[in-house]
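As a plain string of letters, each chain reads:
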There are 4 protein chains.
Amino acid sequence: MGSFKGHALPGSFFLITGLWWAAKQTFLYTTRRNKSAGAGRLASRAIQRRIEIMEGAVILSFSIIGMLAEQLLAGGPKFQLYDSSTQHWEQLMNWQHTTMYLFFAIAGAISLTVHSRDIAPLALDRMLLALAFFNEGRILDMLDVHVHTLLLYAIFGQAFICLLEVFHRGNILLELLRATLTILQGSWFWQIGFVLYPPSQVKWDQIDHDNTIFVTLCYCWHLAFALLTVAVVYLSVLCAVRSRLRRMPPIEMGLLKPREKEVESEDEIL
Amino acid sequence: MGSFKGHALPGSFFLITGLWWAAKQTFLYTTRRNKSAGAGRLASRAIQRRIEIMEGAVILSFSIIGMLAEQLLAGGPKFQLYDSSTQHWEQLMNWQHTTMYLFFAIAGAISLTVHSRDIAPLALDRMLLALAFFNEGRILDMLDVHVHTLLLYAIFGQAFICLLEVFHRGNILLELLRATLTILQGSWFWQIGFVLYPPSQVKWDQIDHDNTIFVTLCYCWHLAFALLTVAVVYLSVLCAVRSRLRRMPPIEMGLLKPREKEVESEDEIL
Amino acid sequence: MGSFKGHALPGSFFLITGLWWAAKQTFLYTTRRNKSAGAGRLASRAIQRRIEIMEGAVILSFSIIGMLAEQLLAGGPKFQLYDSSTQHWEQLMNWQHTTMYLFFAIAGAISLTVHSRDIAPLALDRMLLALAFFNEGRILDMLDVHVHTLLLYAIFGQAFICLLEVFHRGNILLELLRATLTILQGSWFWQIGFVLYPPSQVKWDQIDHDNTIFVTLCYCWHLAFALLTVAVVYLSVLCAVRSRLRRMPPIEMGLLKPREKEVESEDEIL
Amino acid sequence: MGSFKGHALPGSFFLITGLWWAAKQTFLYTTRRNKSAGAGRLASRAIQRRIEIMEGAVILSFSIIGMLAEQLLAGGPKFQLYDSSTQHWEQLMNWQHTTMYLFFAIAGAISLTVHSRDIAPLALDRMLLALAFFNEGRILDMLDVHVHTLLLYAIFGQAFICLLEVFHRGNILLELLRATLTILQGSWFWQIGFVLYPPSQVKWDQIDHDNTIFVTLCYCWHLAFALLTVAVVYLSVLCAVRSRLRRMPPIEMGLLKPREKEVESEDEIL
């Protein structure tokens, strides 16, 4: 869907996912660091597991909604790939977008499986997420509109970060950077929608050199805004967890050895 | 051999190798994780060693078959490099392909040596595999047909993964990703054969923009298919090993310390 | 400010920062290595913390000065982005430079926060520094003047090194290399000023091929000079710390275990 | 010196250095692995240190010889940079080559210093070697002759490997790969000399497409040859050390704890 809605939909998905990641990772990180204060009860391994499963399910649903929207809504190819009467491919752009969603669906489904049944290493979810981002980047790489090119920095950056996370799982900095870039990607999708398919009458002159420079600047400000958003989410969750912990009575930790406490966090198991 | 067969041969080699790697690595990983259940007997170090030696021998044979096919079959240069009568190089494309196979032959031969005699670190096999893939990528880089360019993502990806494995040996995710990309490369070689040298009468219009987009999409679907194949192989081997282990009587493990058990796996020795 | 001063200002900032980093990191490294000799008193954790906070504050001030200079000095847009009377963007180049400074301001502010209050991992300062350098590189990437292109090597090199430091915090080699590249960047900004806006009457012929080669050579000599500067700073600080330590009376260290001593250095905490 | 000799000189330097590295690193690795058999006496830390110092001195001398040859031999600029009478730069190509040698001279001098006096971390030698290779690559990057472009793979590969060695010091695979690429670079410099300045009358047609392909193939064969050379050196040194150790009487090792033995190798200290 080369349309405003076709950009607003993934934009919203990425915005929600980015905000969710910022909140989740901060929550897990904060409870991990304040373990001795009884945070183990706030984020036990069972709860972590349930959160991850829910996350996988949500990503899977988002991707399926996206795929159906691309296929069925206004002018979609309705799962028909080749029109033999006109000897033409049917709406290849929609098929491209469907393929992008497909890899996120795979990542979601595998994340669901990995966290609900013990059959593969946990880091598999990040590996497939990296693959999904690489795939998205490669497909968008073929469009040579400047606003899409800027998107690629965020996408390949995310793919690279997910790959790093396979080896440095549980590093809060990488997790927050991933959330930041996801929010950037989401808000930039909305911006692309407004630039390429302006809802108002005023057309945007894409050839104008000054406009190109302005769009690049705009991109930087989106990044600064995404950083700010993640910082706000981080601080809110941090304060919430701390105030919650302060109200909890301390439990006896003397019997737990450091090793056992660490294992409680699912994120630290490779 | 710029021909259908010249692509089908490496395609088959890579498909077989990819499937084999998926099965082997899953087998080793599963027995490693379920060691306490007596899996040590299923995959003792001697058996692992024998598997690796066999693998090296098979890769070596594949490469030699490939080199001979390039040199001797229909229109090959028959080991003649320069035709002094016409003052022309003889069939440089076949020589290119021979050179590609040569580096895989070196990798196979070294893998054979490293695992049969204790003279060099084990990770040498992955290092040379990385070199062979880099070499393949660099030679294919000179052809600027779109279908070959797509192949490069898989090839350089593999080279990069093999290099990572030199430092993170025994990481099942990297091993499965390597298997996936090998299967992708194999199936894509077949696809290239069909696109460039269609056996049927219908010619494929390579210039058509829509066809280019379709081929790129097709590549993504090959990747999804390769992921599915590896997942199926992974689950089959996992179930097979688990059901086999359940039928085995438990052995006394109390006397083995964790350290000693780990060392049993050849993959974890750097 | 596409002017001599617009290059001299960041040039001076980077030169000062580079020299400061070389001195600071050498000081911390030397006291860390000679801990047993009583250096703990020279660089206690509280002093380290205060140094880092000061550094953050200085970087923040530099960035704010830079932003104000770009906005308010001769011909700046005075915080007006769009001139609706002429329907033109106002001085986009100054806005670009302001945006570059903005990310260094963010990095400085976060460094200040991270080191003064215990709310996030320390490595966050390097992560944001990496982001600021990436951002600077991306914006400068749009100018295709040869002298600016050379600058990119230093900038992206720095971004990469800061990213490595997130994982290898406290590695003196990376820290000194960062200082070296910062000095290189600073002195090269001055050079750019002289080349593009020569204060003397003699114009510099930028098209001339020989001049291009000479500029590249010049860049290498700047690098050699930056290396020399850092070496001189390193040796001076090393001698100063050593001579200072020799004059100090040894303290009783027998009661401290190795672990406890290490923790004293803020740089080694991730 | 854009001449045959100007390529033969660095070619010889790199060939000698590559062979030396292959032998040295194998020697250190073999004695390290067979420590229990009394190899400690063959390669004590003092001897290692002396070897490294000698190596630094040799690299320094090579670089100084190279610089002097570029400056003083047939048509060199004799340390004059600018000819004010003709208002022209003097022989910028020789100045380029001098600059390349300069960075190797810095690397050699620092290696000498680091290993003879305990003032900086040992890994500094590899860091500066990486810098020297990056610098060489960047300067050669400006020549767009195909034979020089191929050289860049080896040079940037070496720079990357030296950088990896900063973090994975003492990894024999990286060390041997560095030796291999150095030999490749050396033999390829000779090849370039023969291709660009053929001593015989027959001119080499550089535009011819087939020749370009042949040169690329040739490059791969140089790589295979370099791998073979390193393998031969590796096996010779391995056998020599082993036969030497077999003839030595075993010493009492019972009193040494594992930790102490490890420290004996200079390569493992970061």
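- Going by what an unreviewed UniProt entry lists, chain A is known as Transmembrane protein 45a and is assigned to Cyprinus carpio.
- Looking at chain A in UniProt, the text filed under Sequence similarities (unreviewed entry) is "Belongs to the TMEM45 family."
- Regarding chain A, the UniProt comment filed under Subcellular location (unreviewed entry) reads as follows: "Membrane".

1. Brief notes about the overall build of chain A
Then, in step 1: Along chain A, the regular secondary structure elements total 8 helices and 2 strands.
Then, in step 2: For chain A, the α and β elements follow one another from N to C terminus as α-α-β-β-α-α-α-α-α-α.
Then, in step 3: The 270 residues of chain A split such that 56% are buried.
Then, in step 4: When contacts within chain A are restricted to residue pairs at least 6 apart in sequence, long-range pairs at least 24 apart make up 76% of them.
Then, in step 5: Here chain A displays about 12,000 Å² of accessible surface, and carbon together with sulfur accounts for 66% of that area.

2. Focus on a nonpolar patch on the surface
Then, in step 1: Nonpolar side chains collect at one region of the surface, where Ile64(A), Leu68(A), Leu72(A) and Phe79(A) lie side by side and expose about 370 Å² of accessible area between them.
Then, in step 2: Of note, Ile64(A) is situated in helix 2 (residues 45-72).

3. Re the relation of the copies chain B and chain A
Then, in step 1: Note on the identical chains: chain B maps onto chain A by a rotation of 90° and an axial translation of 0.1 Å, with an RMSD of 0.0 Å. The symmetry that links the two subunits is that of a four-fold axis.

4. Remarks on the pattern of salt bridges
Then, in step 1: Within the structure shown, the criterion is met by 24 salt bridges over all chains.
Then, in step 2: For the salt bridge of Arg126(A) with Glu165(A), the shortest nitrogen-to-oxygen distance reads 2.6 Å. Within this pair, whereas Arg126(A) is found in helix 4 (residues 124-140), its partner Glu165(A) is found in helix 5 (residues 146-167), the two being separated by 39 residues in sequence. Judged on exposure class, the residue Arg126(A) and its partner Glu165(A) are both buried.
Then, in step 3: With a shortest N-O distance of 2.5 Å, Glu55(D) and Lys24(D) are connected by a salt bridge.

5. Re the UniProt feature "transmembrane region" (unreviewed entry) in chain A
Residues and elements named next belong to chain A.
Then, in step 1: UniProt's feature table lists "transmembrane region" (unreviewed entry) at residues 12-30, 51-74, 94-112, 147-167 and 213-241, given in the numbering used throughout.
Then, in step 2: Summarising residues 12-30: 100% helix, 0% strand, and an end-to-end C-alpha distance of 27 Å.
Then, in step 3: Helix makes up 100% of residues 213-241 and strand 0%, and the two end C-alpha atoms of the span are 42 Å apart.

6. Side note on the interface of chain B and chain A
Then, in step 1: In this assembly, 28 residues from chain B lie in contact with 26 residues from chain A.
Then, in step 2: Taken over both partners, the interface formed by chain B and chain A buries close to 2,400 Å², and the fraction arising from carbon and sulfur atoms is 78%.
Then, in step 3: At the surface where chain B touches chain A, the tally comes to 0 salt bridges.
Then, in step 4: Where chain B meets chain A, there are 3 residue pairs in polar contact (both at pLDDT 80 or more).
Then, in step 5: Of all elements in the fold, only helix 1 (4-33), helix 5 (146-167), helix 6 (172-196) and helix 7 (209-247) of chain B reach the threshold of two or more residues within the side of chain B that touches chain A.
Then, in step 6: Broken down by element, the residue count for the side of chain B that touches chain A peaks at 16 residues, all from helix 7 of chain B.

7. Comments concerning a positive patch on the surface
Then, in step 1: Taken together, the side chains of Arg242(A), Arg244(A), Arg246(A), Arg247(A) and Arg117(C) define a basic patch exposed on the protein surface.
Then, in step 2: Looking at the element boundaries, Arg246(A) is found in helix 7 (residues 209-247).
Then, in step 3: Arg246(A) sits in the exposed class, given a relative accessible area of 67%.

8. As for the packing of aromatic side chains
All names here are of chain D.
Then, in step 1: Within this structure, the stated rule accounts for 48 aromatic pairs over all chains.
Then, in step 2: Note on Phe4 and Phe194: the rings are 5.0 Å apart at their centroids and 70° apart in plane angle, and the pair reads as edge-to-face. One end of the pair, Phe4, is in helix 1 (residues 4-33); the other, Phe194, is in helix 6 (residues 172-196), with 190 residues separating them in the sequence.
Then, in step 3: According to the relative accessible area criterion, Phe4 is partly exposed, its value standing at 25%.
Then, in step 4: On the numbers, 6.1 Å between centres and 50° between planes, the contact of Phe134 with Phe156 is tilted. Of the two residues, Phe134 is situated in helix 4 (residues 124-140) and Phe156 in helix 5 (residues 146-167); the sequence distance between them amounts to 22 residues.

9. Brief notes about the side chain of Ser187(B)
Then, in step 1: Take Ser187(B): it is sitting in helix 6.
Then, in step 2: Not counting residues up to four positions away in its chain, the partners in contact with Ser187(B) are Leu15(B) and His222(B).

10. Points about the side chain of Thr31(C)
All names here are of chain C.
Then, in step 1: Mapped onto the elements, Thr31 comes out in helix 1 (residues 4-33).
Then, in step 2: Residue Thr31 is classed as buried on the basis of its relative accessible area, which comes to 3%.
Then, in step 3: A polar contact of 2.9 Å, which involves the side chain of Thr31, links it to the backbone oxygen of Phe27.

11. What to know about the packing of helix 1 (residues 4-33) of chain A against helix 7 of chain A
Residues and elements named next belong to chain A.
Then, in step 1: It is at 9 Å that the axes of helix 1 and helix 7 come closest, and there the two elements cross at 40°. Judged by the inter-axis angle, helix 1 sits oblique to helix 7. Relative to helix 7, the crossing made by helix 1 is right-handed. Packed against helix 1, whose contacting residues are Leu19, Ala22, Ala23, Thr26, Phe27, Tyr29, Thr30 and Thr31, the element helix 7 presents Thr229, Val230, Val233, Tyr234, Val237, Leu238 and Val241 at the interface.
Then, in step 2: Looking at the contact of helix 1 with helix 7, its residues break down into 11 nonpolar, 4 polar and no charged.

12. Here we look at the interface of chain C and chain D
Then, in step 1: Counting residues at the interface gives 28 residues for chain C, matched by 26 residues for chain D.
Then, in step 2: Ranking the residues of chain C by area buried against chain D places Leu173(C), Leu217(C) and Trp221(C) at the top, with a combined share of 22%.
Then, in step 3: Inspection of the chain C/chain D interface yields 0 salt bridges.
Then, in step 4: Summed over the shared surface of chain C and chain D, the number is 3 residue pairs in polar contact (both at pLDDT 80 or more).
Then, in step 5: Elements represented by at least two residues in the side of chain C that touches chain D include exactly helix 1, helix 5 (146-167), helix 6 (172-196) and helix 7 (209-247) of chain C.
Then, in step 6: Of the residues forming the side of chain C that touches chain D, the biggest block, 16 residues, is contributed by helix 7 of chain C.
Then, in step 7: For the side of chain C that touches chain D, the per-class residue count stands at 21 nonpolar, 4 polar and 3 charged.

Calculation notes
Residues numbered from 1 in each chain as written. Chains lettered and ligands numbered in written order. Predicted model: local features only at pLDDT ≥ 70, side-chain atom pairs only at ≥ 80, totals over all residues. Heavy atoms only, no water. UniProt positions renumbered as here; feature names shortened; annotations may be inferred. Helix = DSSP H or I, 4+ residues; strand = E, 2+ residues; numbered from the N terminus. Buried < 20%, exposed > 50% of the residue type's maximum accessible area, 1.4 Å probe, protein only. Contact = heavy atoms within 4.5 Å. Areas by Shrake-Rupley, 256 points an atom, 1.4 Å probe, with all protein chains shown as cover. Patch = residues over 30% accessible without salt bridge, like charges linked within 9 Å, V, L, I, M, F, W, Y side chains within 5 Å. Salt bridge = Lys/Arg side-chain N within 4 Å of Asp/Glu carboxyl O. Least-squares fit on C-alpha atoms with pLDDT ≥ 70 in both. Buried area = accessible area lost by both parts, 1.4 Å probe. Polar contact = N/O pair within 3.5 Å; in protein donor to acceptor, adjacent residues only side chain to side chain. Lys, Arg positive; Asp, Glu negative; His and termini not counted. Charge placed at Lys NZ, Arg CZ, Asp CG, Glu CD. Phe/Tyr/Trp six-rings, centres within 6.5 Å; stacked < 30°, edge-to-face > 60°. Axes fitted to C-alpha atoms, helices over the stretch in contact; angles between N-to-C directions. Parallel < 35°, antiparallel > 145°, perpendicular 65-115°, else oblique. Left-handed = near helix turned anticlockwise from the far one by under 90°. Nonpolar A, V, L, I, M, F, W, Y, C, P; charged D, E, K, R; others polar.

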